[in-house]
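# Residue-level structure breakdown
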Amino acid sequence: MKVYALLLCGGSGTRMGGSGNKTLLEIGGVPGIVRCCRAYEGLADGIVLVTRAREEALFARVLAEWGVTAPVKIVPGGEDRQASALRGLQALPDRDGMALIHDGARPLVTGDVIRRVIDSVRTCGSGAAAVPARDTIKRADAHGRVVETPDRASLWQMQTPQGFFVRDLLRAHESAGDRRYTDDAALMEAAGFPVQLVMGDYRNVKMTSPEDWKMAQGMMVPRIGTGFDAHRLVENRALWLGGVCIPYEKGLDGHSDADAAVHALIDALLGAAGMGDIGALFPDSDDAYKGISSVILLKETARRIREKGYEIGNADVTILAQRPKMAPYIPAMRQALAEALGIPQARVSVKATTTERMGYEGRGEGISAQAAALIYETV
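Since the model is a prediction, treat every value here as computed from it, not as a measurement. (Residues numbered from 1 in each chain as written. Predicted model: local features only at pLDDT ≥ 70, side-chain atom pairs only at ≥ 80, totals over all residues. Heavy atoms only, no water.)

### A short note on the sheet that holds strand E10 (residues 156-165)
What the seven strands build is an open sheet, ordered E5-E4-E1-E6-E10-E7-E11; its pairing is mixed. The open sheet has two edge strands with one neighbour each: strand E5 (72-76) and strand E11 (197-199). Ignoring strand direction, the axes of neighbouring strands in this sheet form an average angle of 25°. Inspection of the sheet shows strand E1 (residues 3-9) paired to strand E4 (residues 46-51) by six bridges, in the parallel sense. Bridge pairing in E4 links Leu 8 to Val 50. Together, E1, E4 and E5 form the strand contacts of helix H2 (residues 56-65), whose direction differs from that of E5 by roughly 160°. (Pairing = 2+ DSSP bridges. Helix = DSSP H or I, 4+ residues; strand = E, 2+ residues; numbered from the N terminus. Axes fitted to C-alpha atoms, helices over the stretch in contact; angles between N-to-C directions. Contact = heavy atoms within 4.5 Å.)

### Describing the pairing of E10
Relative to E10, strand E6 (residues 98-103) runs antiparallel, the two being bridged by four bridges. When the sheet's bridge partners are listed, Ala 99 is paired in E10 with Phe 164. Examined bridge by bridge, strand E7 (residues 126-132) and E10 share six bridges and lie antiparallel to one another. Residue pairing in the sheet places Ser 126 in a bridge with Phe 164 of E10.

### Topic: the side chain of Asp 229
Within the secondary structure, Asp 229 sits in strand E12 (residues 220-234). Arg 237 provides the closest opposite charge to the buried, unpaired Asp 229, separated from it by 10 Å. Within polar-contact distance, the side chain of Asp 229 engages the side chain of His 263 at 3.2 Å. Beyond its immediate sequence surroundings of up to four residues, Asp 229 is in contact with Ala 260, His 263, Ala 264, Ile 367, Ser 368 and Ala 369. (Buried < 20%, exposed > 50% of the residue type's maximum accessible area, 1.4 Å probe, protein only. Lys, Arg positive; Asp, Glu negative; His and termini not counted. Salt bridge = Lys/Arg side-chain N within 4 Å of Asp/Glu carboxyl O. Polar contact = N/O pair within 3.5 Å; in protein donor to acceptor, adjacent residues only side chain to side chain.)

### So, the environment of Ala 273
Tracing the backbone through its elements, the reader meets Ala 273 in helix H8 (residues 260-273). Taking C-alpha positions, Ala 273 is 8.6 Å from Glu 377, a pair spaced 104 residues apart along the chain. For Ala 273, the residues in contact, after removing those within four places along its chain, are Arg 223, Ile 305, Tyr 310 and Ile 375.

### A word on the pattern of salt bridges
Counted by the stated rule, this structure contains 22 salt bridges. Close ionic contact of Glu 26 with Arg 347 constitutes a salt bridge, the shortest N to O distance being 2.7 Å. With Glu 26 in strand E2 (residues 26-27) and Arg 347 in the loop between helix H11 (330-341) and strand E17 (348-353), this pair connects stretches of sequence that are 321 residues apart. One connected set of salt bridges, linked through shared partners, spans Arg 81, Asp 103, Arg 106, Asp 184 and Lys 206.

### A short note on the nonpolar core
Within soluble globular proteins, side chains that are nonpolar generally end up buried alongside one another. Among the nonpolar cores identified, the biggest contains 81 residues, and Ile 33, Tyr 40, Leu 241, Leu 265, Ile 319 and Leu 341 are the most heavily contacted of them. Every residue in contact with Leu 265, bar those within four places of it in the chain, is listed here: Leu 298, Ala 315, Val 317, Leu 337, Leu 341, Ala 371, Ala 372 and Ala 373. Judged by nonpolar contacts, the second largest core, of 20 residues, contains Leu 8, Val 48, Val 50 and Ala 99. (Core = buried A, V, L, I, M, F, W, Y, C linked by side-chain atoms within 4.5 Å.)

### A look at the sheet that holds E17
If you trace the five strands from one edge of the open sheet to the other, you get E15-E12-E18-E16-E17, paired in mixed fashion. At either end of the open sheet lies a strand with only one pairing partner, and these are strand E15 (251-252) and E17. As paired elements, E12 and E15 share two bridges and run antiparallel to each other. Each residue of the ladder has a partner; that of Leu 233, found in E15, is Leu 252. Against the sheet, H8 makes contact with E12, E15, strand E16 (310-320) and strand E18 (366-378), and its axis sits at roughly 150° relative to E12, the strand it touches most. Running over the sheet, H11 touches E16 and E17 and is turned about 140° from E17.

Shown next as structure tokens:
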């Protein structure tokens with residue numbers, strides 16, 4: 001059964017106090033909608049992103065800049081949330097799968113929550129993320145006087161994603177007519193479909209007010225890592241640095257392409273995440289990595305970093321070499337590293353320096369590189 005994610009990003013965001021789309025606000029240095037898309041990568045067969053009218057190009061540009069690899073279709077929404085969800089459903093390629101409706105303003109959703117919803121839809125026909133109410137709830141009249149204190153044990157706070165079979169959702173929308181509902185679970189309830197709750201996550205907060213955004217930012221813990229690598233210059237080898245092949249009479253010696261700049265960056269990322277080093281992840285005793293492009297290893301490192309729940313903020317690399325001159329190749333290096341990391345090029349810095357003819361770099365015997373990386377952990 002195909003799994004489709006419908007990300008609703010058409011809210012006005014007036015309570016956030018800004019004029020821009022709140023799903024583009026950065027949480028821990030990463031736009032919220034990028035975090036959403038990456039949460040569904042590998043779990044959804046396709047993503048439909050429903051935006052406000054005339055914002056399709058803006059969202060496409062942001063996703064491309066951040067290297068989102070999941071297949072995403074962007075469509076304009078309707079006059080309200082319910083109409084936007086329907087447009088997203090109508091944009092799906094088939095009616096035989098399940099749809100996970102997700103608020104784009106919930107950027108901290110985790111893969112664990114998504115998987116629980118998917119499993120519930122497969123076994124029960126529905127699955128809606130929710131968390132038990134922690135506070136005592138009061139029901140009041142129009143004047144603010146308490147009229148009832150419901151039993152907290154039976155109360156849940158609804159979240160997203162909320163998953164259902166596509167055909168059932170379309171039937172529910174058809175039966176709703178002009179009646180409006182605040183979420184898809186309420187829509188399905190009204191149409192007579194059972195709704196199964198699954199455990200969400202208290203961190204899966206919705207960005208409704210500036211206070212929500214500040215709280216989400218407070219959940220982001222920065223982690224910094226550093227890396228260093230050096231390789232000997234030898235004849236009959238291509239010189240790869242920062243993912244770029246540089247014309248030169250010698251190249252760096254090593255098991256892979258020996259790209260010292262990329263290797264230093266990999267170690268910086270792994271160090272920030274507490275995941276060991278490049279030798280542990282990609283040992284030179286494994287023939288699978290013989291002659292491999294280090295950019296491939298960097299992409300895999302970025303994937304594993306995100307799989308652990310981290311997001312990459314920025315990277316800074318310094319190359320130490322007397323020759324050749326690196327300046328003409330630095331723009332291409334920044335682009336190659338940014339694409340491998342899945343972050344904008346503006347978040348990647350590459351610098352080069354000589355050692356004033358001191359040391360093995362200055363004598364032209366080898367080239368070294370240092371790197372620093374910033375990642376964010378959600379706590």
